[in-house]
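In case you want the letters, here they are:
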Amino acid sequence: MKAIIAGGGIGGLTTAMMLAARGIECTVHEQSPRHRELGVGITLMPTAVGALAGLGLLPALDSIGVSSAHLYYQTRRGQTVWDEPRGRAAGHAMPQMFVHRGHLLGMLANEAAARLPAGTIRLGQRLIAWRQTDNGVEARFACADGGEHVETADLLIGADGIHSATRASLHPDEGPPRFSGLQMWRGAADWPAFLGGASLLILGGVDAKLVLYPIGPGTAPDRRLTNWVVIVRTAPDGSSPPNRADWAREGDLADLAPHLDLFHCTDVDARGLIAASGTIWEYALFDRDPVAFWSRGCVTLLGDAAHPMYPMGANGATQAILDAVTLADALMGTPDIAAALAQYQAARLAPTAEIVRANRRGGPEAVIDVVERLAPDGFTDVDAVLSRADRHAILQGYAAKVGMIPQQEVR
Ligand SMILES: Cc1cc2nc3c(=O)[nH]c(=O)nc-3n(C[C@H](O)[C@H](O)[C@H](O)COP(=O)(O)OP(=O)(O)OC[C@H]3O[C@@H](n4cnc5c(N)ncnc54)[C@H](O)[C@@H]3O)c2cc1C
C-alpha cells in the first residue's frame, strides 16, 4: 500500500512515520521549498506524547521541550481561580510537554528524513488537484521550480492545514475559515524561570487572555526560553477578518501595547518579557465549522485540514498526532482502504468536532470567565465566588472531551 500525504507540518510528518512503522509506504509533499522552523510555543498533551513515544521520539522530545509540572489559572487581576499538577505529576503515564513549534517541526523533519527512504519528503510541491482512478488516486502538484508533478498511490491524506486544498475539493461550498473576532500576538524570549520553572500560567478568559509558559532551556539553569501569548477580542465574532489566517505574519508591539494594561501579572514581568522578544507574531484566530465527512473513497483529511480549532485548550498539535496514529492503525494490514478511512473518520470526527465547539466557548479556561463574571471587582475567597466542585466540573467537562483524564489514556 502507498499513501500520498499533502502537507509536511506536524500532522503530515507524524503520519508518514506512523505509516512507515506499520510497513506502509508514502510520499510527503510540502508546498514550502524548505522546512521553515516557524511558530512559537505549542503544547503536547500526554496522549500525543505517548503516541510519539511509540515512535521512539521521547528522548528527542525531552531534549527540545519542557515537561509541564503545574497549571495556574488566574483572573486578569492576577487572582488564582484554579491550580493543579499536570502531566506525570497528575498521574499520567506520559508527560505533558511544552515545546517550540519550530523546534518540534525541525525534530520531526530530521527524524523522518533519517527513517524514511530517500525521496519520501518532497519540498516545494503544492497540491493543486487530485482525482480518483480505477487503482487509487492521482495527485497533481505545482512545483517551486515552475513545473508540475503527478504522483499516483492507493490513497491521499490531506494534511494541508487550515486552507486545505484537499478539504476544499471534498467540500467545495464551504468558503473561507471563520473569524472569531479575537486577535493573538505571541513571541518568546530567554527569561528568569517562574513558578518552579515548568508551569503554565494563564490570566483571563475568552475575551482577554495572557498565557505564559517555558518552551525550552534558557541561557542559564535558572532561565527558560519563555513563550507568551496575548489574545484580545478586537472585533465581534463573525465580522470581517483583519487579514488572512497566516501563522507566519509579523506583528507590531505598538498594536499590542495598549492591551497589556488589561493584565496585572504578579508572577512574571510580562511587559519586560514581551519587550525582550525579538520578533512578535500576530494571528487573527480562525476555525471552521465541523464538516459531515472527512473521507470519501481513498481520500481523507487529517489535523488542521480536518478540524482547525482555536488554541484555547492547546489541542491543535495533539489532535493532529492522535489522528495520525488512529489512521495508521486503521490502514495497517487491511486491503479495504475505503473501509479503513471510514473507520478512522468514525473514531476521530465526532470527538474533534466537540473540541472545536468547546474551544469556541473558551475551552477549559472558561472557568476563568465564569469567576470574572461573578466577581468583576475581584475576591478575597474564590470558594465564596464559585465552589471548588463547580470549578472542577467546568474543567472536567473539557478534560473528558480531550482524553485528559489519566485513566482515559489508551496508549
Ligand atoms: C507556519 C505555522 C506556524 C504555526 N505556529 C503555531 C504556534 O506558534 N502555536 C500554535 O499553537 N500553533 C501554531 N501553528 C498551528 C499548528 O502547527 C497546527 O495547529 C497543528 O500543529 C496541526 O498541524 P497540521 O500539520 O495539521 O497543520 P499545519 O501545521 O498548518 O501544517 C500544514 C502544512 O501543509 C502545508 N500545505 C498547505 N497547503 C498545501 C498544499 N496545497 N500542498 C502541500 N502542502 C500544503 C503547509 O505549508 C504546512 O506545512 C502554526 C502553523 C503554521 C503552518
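Read on for an overview of the structure.

### What to know about the overall build of the protein
Looking only at helices and strands, the protein has 12 helices and 19 strands in total. Each of the 411 residues in the protein was classed as buried or not, and the buried ones make up 48%. In the protein, the share of contacts with a sequence separation of at least 24, taken over all contacts with a separation of at least 6, comes to 75%.

### Re the packing of helix α1 (residues 10-21) against helix α8 (residues 316-331)
Packed helix pairs are specified by the crossing angle of their axes together with the interaxial distance, meaning the distance between the axes. Their axes nearest at 9 Å, the elements α1 and α8 cross at an angle of 25 degrees. Relative to α8, the element α1 is oriented roughly parallel. Here α1 and α8 pass one another in a crossing that is right-handed. Of the residues in α8, those touching α1 at Ile10, Gly11, Thr14, Thr15, Met18 and Leu19 are Ala317, Ala320, Ile321, Asp323, Ala324, Val325, Leu327 and Ala328. A class-by-class count of the residues in the contact of α1 with α8 yields 10 nonpolar, 3 polar and 1 charged.

### Focus: the pairing of strand β13 (residues 178-192)
The two faces of a sheet get side chains in turn, since along a regular strand they alternate between them. For β13 and strand β18 (residues 281-287), the ladder comprises 6 bridges, and the chain directions are antiparallel. Bridge pairing in β18 places phenylalanine 179 opposite phenylalanine 286. For β13 and strand β16 (residues 223-233), the ladder comprises 11 bridges, and the chain directions are antiparallel. Along β16, the bridge assignment pairs methionine 184 with isoleucine 231.

### Thoughts on the packing of α8 against helix α9 (residues 337-360)
The geometry of α8 relative to α9 is characterised by a closest axis approach of 8 Å and an angle of 160 degrees between their N-to-C directions. Viewed along their axes, α8 and α9 adopt a mutual orientation that is roughly antiparallel. Of the two possible hands of crossing, α8 and α9 adopt the one that is right-handed. Here Gln319, Asp323, Thr326, Leu327, Ala330 and Leu331 of α8 come into contact with α9, specifically with Ala340, Gln343, Tyr344, Ala347, Arg348, Thr352 and Ile355. Here the residues of the contact of α8 with α9 are counted per class, giving 7 nonpolar, 4 polar and 2 charged.

### Notes on the sheet that holds strand β3 (residues 41-44)
Read across the open sheet, the 3 strands follow the order β3-β7-β4; overall the sheet is antiparallel. A strand with exactly one partner marks an edge of an open sheet, and here the two such strands are β3 and β4 (66-67). In the sheet, β4 pairs with strand β7 (residues 97-100) via 2 bridges, with the strands oriented antiparallel. Within β7, the position partnered with serine 67 by the bridge is methionine 97.

### Points about the nonpolar core
Grouped together as the largest cluster of nonpolar side chains are 115 residues, with contacts concentrated most on Ile5, Ala48, Val137, Leu155, Leu156, Leu302 and Ile321. The leading source of residues in this core is α8, at 10 residues. What isoleucine 321 contacts, discounting residues up to four positions off in sequence, is Thr14, Ala48, Ala51 and Leu52.

What counts and how
Residues numbered from 1 in each chain as written. Predicted model: local features only at pLDDT ≥ 70, side-chain atom pairs only at ≥ 80, totals over all residues. Helix = DSSP H or I, 4+ residues; strand = E, 2+ residues; numbered from the N terminus. Buried ≥ 20, exposed ≤ 12 C-beta atoms within 10 Å, placed from the backbone. Contact = placed C-beta atoms within 7 Å. Axes fitted to C-alpha atoms, helices over the stretch in contact; angles between N-to-C directions. Parallel < 35°, antiparallel > 145°, perpendicular 65-115°, else oblique. Left-handed = near helix turned anticlockwise from the far one by under 90°. Nonpolar A, V, L, I, M, F, W, Y, C, P; charged D, E, K, R; others polar. Pairing = 2+ DSSP bridges. Core = buried A, V, L, I, M, F, W, Y, C linked by C-beta atoms within 7 Å.

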